[in-house]
Amino acid sequence: MTIEGQANGRLPSMDSGQPAPEGKVVLKKKVTLLRGISIIIGTIIGAGIFISPKGILKNTGSVGMSLTVWTVCGILSLFGALCYAELGTCIKKSGGHYTYILEAFGPLPAFVRVWVELLVIRPAATAVISLAFGRYILEPFFMQCEIPELAIKLITAVGITLVMVLNSTSVSWSARIQIFLTFCKLVAILIIVVPGVIQLIKGETQHFKNAFAGNDASVMGLPLAFYSGMYAYSGWFYLNFVTEEVENPEKNIPLAICISMIIVTVGYVLTNVAYFTTISAGELLLSKAVAVTFAERLMGNFSLAVPVFVALSCFGSMNGGTFAVSRMFFVASREGHLPEILSMIHVRKHTPLPAVIVLHPLTMIMLFNGDLYSLLNFLSFARWLFIGLVVAGLIYLRYKHPDMPRPFKVPLFIPALFSFTCLFMVALSLYSDPVNTGIGFAITLTGVPAYYLFIVWDKKPKWFRKLLDKVTVTLQILLEVIPPEEDQKS
């Protein structure tokens, strides 16, 4: 049982509410090409490129090899993104990974994906990037001493709350702010790249001499460097979470993906080249925040601006990730895999309010109690396993539904190569860290009994169903939300 809206966009119990603009209560198509690009770039570029692009250097052992890995990872990520562009144009539903797994392999693996995402992956990932935001926003105030951990966590909590409020209030405003923050990220990259190019013109190339000499990359080191690189580029799939809100998706999804991935790959490689014009490989590995070290050497006091740009960059990742992932929960709820309340929309603001705020309590618990980095290590393998499954699903759908309209089509070798890459990453995490990966696998498997208990078992006691209905209606009245009007019975 749910409350449905009246024709004027009001909840029946709230006659004081103003009418919804433009009548229907639905998620509107407000994601233009520019907003699509800002979602992808703004979510991929977090804090990593500014703080610690050393995972790759440490595992490759030489400047030349690290730049090669950065480039190869960018190209491979573009391949993955192109596969998602094909899926996004032939399956015009929001929800990203979840929707594609549901279409190709059915409800059980799709439910397991959204179960792990909601309970562990998303809250932990949001808390990690938010902690970087908290640390860097406070950095200019604590130049001479350590920043207290509690201060970081409190500012982080404020940042997370601000992102949730913004995404609950207005789709247009969260998109506009995303464009501004993406612009700030690109300015931050230019602040590093331009002085780096000037250094190259001046002939500062001593760190590039014998670029491939140095510690030989071990057989184990190269795959780990590759793993770090793929992680740095991850985020190219976020536009597919909001497909239903993209204007002209057949044209804008592939365009946004291609433009974004080219900008990010070129930006990442040039930023690393710029670092090596001023900082040696050894110094880069010792630096706590590479961009700050670089700026102090070349720009003096202006280096104070770098932590601010890094904080803004993190805020952009938080905003883009929340905007996109809330749509995955919205679609999973619409398919009956999550509580019904999560697929409802605010009567006036037209935002999926419950799907946005459901992450808030979980993220706060992770922030103050969880061992975040262990959780992400547990589950990094799950991310690549499911992305690999999605891209394998693309190949499967080519044979299962050859007549499906495909406005954008990639050559078959691209999904084949990329799904192999993902399986290689899963195998690598099993080999290099079997204990953590095993724990992650166990956490993921909890989704199987949960699926049979919550979704398949339909003989739930009458009192339980009544309680569920009562909770849903109460939350509807409190949050002023109703099911999308297209889904309502006439």
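From a predicted model like this one, the values you see are computed outputs, not experimental measurements.

What counts and how
- Residues numbered from 1 in each chain as written.
- Predicted model: local features only at pLDDT ≥ 70, side-chain atom pairs only at ≥ 80, totals over all residues.
- Heavy atoms only, no water.
- Helix = DSSP H or I, 4+ residues; strand = E, 2+ residues; numbered from the N terminus.
- Buried < 20%, exposed > 50% of the residue type's maximum accessible area, 1.4 Å probe, protein only.
- Contact = heavy atoms within 4.5 Å.
- Areas by Shrake-Rupley, 256 points an atom, 1.4 Å probe, with all protein chains shown as cover.
- Expected span 1.5 Å × (residues − 1).
- Bend = angle between axes of the 7 residues up to and from the residue.
- Phe/Tyr/Trp six-rings, centres within 6.5 Å; stacked < 30°, edge-to-face > 60°.
- Lys NZ or Arg CZ within 6 Å of the ring centre and 35° of its normal.
- 1 Å grid on protein atoms, 1.4 Å probe; cavity = no way out; pocket = protein on both sides within 12 Å on 5 of 7 lines; lining within 4 Å.
- Points joined across faces, edges and corners; volume = space filled by probe spheres on them.
- Nonpolar A, V, L, I, M, F, W, Y, C, P; charged D, E, K, R; others polar.

(A) View of the overall build of the protein chain. Broken down by element type, the protein chain carries 20 helices and two strands. Put simply, the protein chain has 490 residues, and 56% of those count as buried. When contacts within the protein chain are restricted to residue pairs at least 6 apart in sequence, those whose partners lie at least 24 apart make up 82%. Of the roughly 20800 Å² of accessible surface on the protein chain, a fraction of 68% belongs to carbon and sulfur atoms.

(B) A look at helix 6 (residues 107-138). With 32 residues, helix 6 ought to run about 46 Å at 1.5 Å a step, and its terminal C-alpha atoms sit 45 Å apart, in line with that. Along helix 6, the sharpest change in direction is near 55° and occurs at E117. Counting buried residues in helix 6 gives 25 out of 32 residues, a clear majority hidden from the surface.

(C) Geometry of helix 12 (residues 290-299). What helix 12 keeps buried is the set V290, A291, V292, F294 and A295. Buried positions along helix 12 lie against helix 2 (48-51), helix 8 (171-201), helix 10 (249-278), helix 11 (281-286) and helix 13 (305-334). Taken from the residues just after helix 12, G300 is the one with a positive phi, measuring 60°.

(D) Examining the packing of aromatic side chains more closely. This structure, assessed with the given rule, holds 21 aromatic pairs. Seen from their ring centres, W236 and F237 are 5.1 Å apart, and the 75° between their planes marks the pair as edge-to-face. Like W236, the residue F237 is buried in the burial classification. An aromatic cluster is defined as three or more aromatic residues linked by ring pairs; in this entry it consists of Y84, Y100, W236, F237, Y238, F241 and F418. The cationic tip of R176 hangs over the ring face of W173; the distance from NZ or CZ to the ring centre is 4.9 Å. In this structure, R327 is placed above the aromatic ring of F323, and the distance from its NZ or CZ to the ring centre is 4.2 Å.

(E) Representation of unusual backbone geometry in the model. Non-glycine residue N248 carries a positive phi angle of around 45°. Examined against the element boundaries, N248 turns out to sit in the loop between helix 9 (221-233) and helix 10. Positive phi is not limited to glycine here, since E480 has a value of about 55°. Turning to its location among the elements, E480 is positioned in the loop between helix 20 (462-479) and strand 2 (481-482).

(F) Structural view of the layout of surface pockets. Its volume calculated, the second largest pocket comes out at about 880 Å³. The wall of the second largest pocket is formed by 27 residues, among which H337, L338, P339, E340 and L468 lie closest to the centre. Those elements that place two or more of their residues in the lining of the second largest pocket are helix 6, helix 14 (353-357), helix 19 (447-456) and helix 20. Sort the elements by how many residues they give to the lining of the second largest pocket and helix 20 lands first, with eight residues. Classifying every residue of the lining of the second largest pocket gives 18 nonpolar, four polar and five charged.

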